[in-house]
Amino acid sequence: MLNYWKADAFRIVRSRSFWILTLVSVVAYVAGVFIISGPGYSTDTHVSIIMMIGVLATIFTGLGVYNAIYSQDIKAGAMRVAIGRGTARSRIVAAKLIETIVVTALLGLVYYVVFCFLPLVFGIAGSTVLTTTITTSVLQIVLGTVVYASISSIVSMARQESVTATVVFVLLAAGVVDQLLGLLLKLKMVTSLVGNLTGYLPQTVASNLSMQITGVGTASVSVATVCVYVGYVVVSLVLASWVFSRKELEF
């Protein structure tokens, strides 16, 4: 398994799409800070830019992480090689999840440094509001990417192709899935049966948990929110392992 991780790490580092998609949000942030760094600068505008870049990074950077860890592996056939050498399929699925968490956390740290210290280059001083906003946005990027990748991995493992799973990831990261399911869950006949479940949708849960951790709009972290978030990841892991175990592979 260690050799499998090393091979994935080598492939990720050499992936052009990974670096390009990651740099999209960084370049956009640099441009945004440069534009607002004049005499008309306001903290509110800066906060808006950080929040916008956070959404952008979840889509583009998250997609870069997902493609590098899952899609490129499928295209390269590395999973088949590992399985052929005796690695259990469930271990591969678990390894992919661990890789996603580690890579996303490292990128989150990079984004935090860029968000905090880049404005100093343009003479923009930090503040408590900005620090809180930055921390919340970075957590949203990390938590969102992990949960979207976990759910999308079910499709990747079931189909062993990248296009469909990539579309699923983008729809999740862009909030399209939350919006469509939200409309369905708000129907009177649905709410009368199960109540209002819109707060338990993937994007909503990731966003709420990040705000709870940083103390934005709430006093403490909700146990229910943590359980739902962890549930998404764990259930996705189990389902991905199950569908992958039933998938016939050509060696």
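Residues numbered from 1 in each chain as written. Predicted model: local features only at pLDDT ≥ 70, side-chain atom pairs only at ≥ 80, totals over all residues. Heavy atoms only, no water.

> Whenever I open this one, the packing of aromatic side chains confuses me. Can you help?
Note on aromatic pairs: each is described by the distance of the centres and the angle between the planes. Throughout the structure, instances matching the rule amount to six aromatic pairs. When the centroid spacing of 5.6 Å and the interplanar angle of 35 degrees are considered together, the rings of Tyr-111 and Phe-115 count as tilted. With a gap of four residues between them, Tyr-111 and Phe-115 both fall in helix 5 (residues 89-121), about one helical turn apart. Across the pair, exposure class does not vary: Tyr-111 and Phe-115 are buried alike. When the ring centre of Phe-244 is taken as reference, the NZ or CZ atom of Arg-89 above it lies at 5.2 Å. (Phe/Tyr/Trp six-rings, centres within 6.5 Å; stacked < 30°, edge-to-face > 60°. Helix = DSSP H or I, 4+ residues; strand = E, 2+ residues; numbered from the N terminus. Buried < 20%, exposed > 50% of the residue type's maximum accessible area, 1.4 Å probe, protein only. Lys NZ or Arg CZ within 6 Å of the ring centre and 35° of its normal.)

> Whenever I open this one, the nonpolar core confuses me. Can you help?
It is characteristic of soluble globular proteins that their nonpolar side chains tend to be buried jointly. Counting 40 residues, the largest nonpolar core has Phe-18, Val-103, Met-157, Phe-169, Tyr-229 and Phe-244 as its most contacted members. When residues of this core are assigned to their parent elements, the largest contribution, nine residues, is made by helix 6 (residues 128-159). In contact with Phe-18, other than residues within four places in its own chain, are Ile-12, Gly-64, Val-65, Ala-68, Val-103 and Leu-107. Among the nonpolar cores identified, the runner-up in size contains 19 residues, and Val-33, Ile-36, Ile-124 and Val-142 belong to it. (Core = buried A, V, L, I, M, F, W, Y, C linked by side-chain atoms within 4.5 Å. Contact = heavy atoms within 4.5 Å.)

> Whenever I open this one, the environment of Val-230 confuses me. Can you help?
For Val-230, the location among the structural elements is in helix 11 (residues 223-245). Taking the C-alpha atoms as reference points, Val-230 and Val-147, separated by 83 residues in sequence, lie 8.6 Å from one another.

> Help me out: how do you make sense of helix 8 (residues 176-185) in this one?
A turn of α-helix holds 3.6 residues, and therefore any two residues three or four places apart point the same way. Buried within helix 8 we find Asp-178, Gly-182 and Leu-185. Here the buried residues of helix 8 occupy an arc of 65 degrees about the axis, which is enough to place them on one side. Among the exposed residues of helix 8, those oriented more than 90 degrees off its buried face are Gln-179, Leu-180 and Leu-183. Buried residues in helix 8 make contact with helix 9 (188-194) and helix 10 (202-214). (Arc of directions from axis to C-beta.)

> What am I meant to see in helix 7 (residues 163-173) here?
Restricting attention to buried positions, one finds in helix 7 the residues Ala-165, Thr-166, Phe-169, Leu-172 and Ala-173. For helix 7, the angular spread of buried residues about the axis comes to 125 degrees, placing them on one side. In this structure, the buried residues of helix 7 make contact with helix 3 (43-76), helix 6, helix 8 and helix 10. Positioned one or two residues after helix 7, Gly-175 has a phi angle of 85 degrees, which is positive.

> Is there a simple way to think about the environment of Ala-57 in this case?
Looking at where Ala-57 falls in the secondary structure, it is placed in helix 3. According to the relative accessible area criterion, Ala-57 is buried, its value standing at 0%. Considered as a pair, Ala-57 and Leu-21 are 36 residues apart in the sequence and their alpha carbons are 8.4 Å apart. Setting aside residues up to four positions removed in sequence, Ala-57 forms contacts with Ser-25, Gly-62, Tyr-111 and Ile-141.

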